[in-house]
Amino acid sequence: MKIGIYPGSFDPITLGHLDIITRASGLVDQLIIGVLVNNAKKPVFTSEERVELIERVIKDHPELPPIKVEAFEGLLVNFAKKKNASVIVRGLRAITDFEYELQLAQTNHKLCPDIDTVFFTTRLEYSYLSSSAVREIASFGGNIRQFVPECILQSVYDKYSSIRSVNHGSKQN
Ligand code: PNS
């Protein structure tokens, strides 16, 4: 059984991620989405929230095969080994991704030669899309409908309205 890990921050999941999940799930027998718990990156959504948002998106797409979503800490290759994965899946949007992704893939391969990284080139319509752009647009109350799956749209807006009210409250204090 070929097991693949699709790792990332997913802060939050975007339509670009969903496209890679859909295509990668046909490549392996079992796809596991690995959500990095990296508090140093100061994610807007907690790892529990990010896992829940991805699970909700998967549930909303019954045509997808069963996909697991798990948070992980530490080295990706250790998580992949623990899960008996032989493939790491990453998306490549543009040439600007390439240097970082190549370095990541080569480092991971050096750390664990049994695991290969497979790249999916992002569909053109999502080649500009990133979670950070979604966060920035949402933080200013802009329209993110064309960037994130419909079923998580309100949760992203709710997160930013709670951040705004906390910030507003602390300014008043
Ligand atoms: O969505 P992202 O933030 O581009 O994902 C980056 C991720 C999670 C794939 C990468 O940061 C990662 O694998 N982090 C875990 C630590 C690790 O294994 N680093 C590789 C050796 S340098």
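Residues numbered from 1 in each chain as written. Predicted model: local features only at pLDDT ≥ 70, side-chain atom pairs only at ≥ 80, totals over all residues. Heavy atoms only, no water.

With respect to the site of the ligand
- What surrounds the ligand is the set G8, S9, L36, K41, G74, L75, L76, R90, Y100, L104 and N108.
- K41 places a polar side-chain atom, nitrogen or oxygen, 2.6 Å from an oxygen atom of the ligand.
- In the model, an oxygen atom of the ligand is placed 3.0 Å from a nitrogen or oxygen of the R90 side chain.
- With the chains in place, 74% of the 560 Å² that the ligand exposes on its own is no longer accessible.
- Of the residues that constitute the shell around the ligand, the class distribution is five nonpolar, four polar and two charged. (Near = heavy atom within 4 Å. Polar contact = N/O pair within 3.5 Å; in protein donor to acceptor, adjacent residues only side chain to side chain. Areas by Shrake-Rupley, 256 points an atom, 1.4 Å probe, with all protein chains shown as cover. Nonpolar A, V, L, I, M, F, W, Y, C, P; charged D, E, K, R; others polar.)

A look at a nonpolar patch on the surface
- A cluster of nonpolar residues, I95, F98 and L102, forms a patch on the protein surface that exposes about 300 Å² of accessible area.
- Looking at where L102 falls in the secondary structure, it is placed in helix α4 (residues 95-111). (Patch = residues over 30% accessible without salt bridge, like charges linked within 9 Å, V, L, I, M, F, W, Y side chains within 5 Å. Salt bridge = Lys/Arg side-chain N within 4 Å of Asp/Glu carboxyl O. Helix = DSSP H or I, 4+ residues; strand = E, 2+ residues; numbered from the N terminus.)

A few points about the sheet that holds strand β4 (residues 87-92)
- Strand order in the open sheet made by the five strands is β3-β2-β1-β4-β5, with parallel pairing throughout. For this open sheet the edge positions go to β3 (67-72) and β5 (116-121), each flanked by a neighbour on one side alone. Each neighbouring strand pair of the sheet contributes to a mean axis angle of 30 degrees, computed without reference to strand direction.
- Contacting β2 (30-36) and β3, helix α2 (residues 47-59) runs over the sheet at an angle of about 170 degrees to β3. (Pairing = 2+ DSSP bridges. Axes fitted to C-alpha atoms, helices over the stretch in contact; angles between N-to-C directions. Contact = heavy atoms within 4.5 Å.)

Notes on the packing of aromatic side chains
- Tallying each qualifying case throughout the model produces three aromatic pairs.
- Between F72 and F79, the aromatic rings sit 4.8 Å apart at their centres with planes inclined by 10 degrees, giving stacked as the arrangement. Here F72 and F79 have matching classes, each one buried.
- Judged by centre distance (6.1 Å) and plane angle (70 degrees), the rings of Y128 and F147 are edge-to-face. A residue pair is termed long-range when its members are at least 10 positions apart, and Y128 in the loop between β5 and α5 (131-139) and F147 in the loop between α5 and α6 (150-172) qualify at 19 residues.
- Look at Y128 and you get partly exposed, because its relative accessible area is 49%. (Phe/Tyr/Trp six-rings, centres within 6.5 Å; stacked < 30°, edge-to-face > 60°. Buried < 20%, exposed > 50% of the residue type's maximum accessible area, 1.4 Å probe, protein only.)

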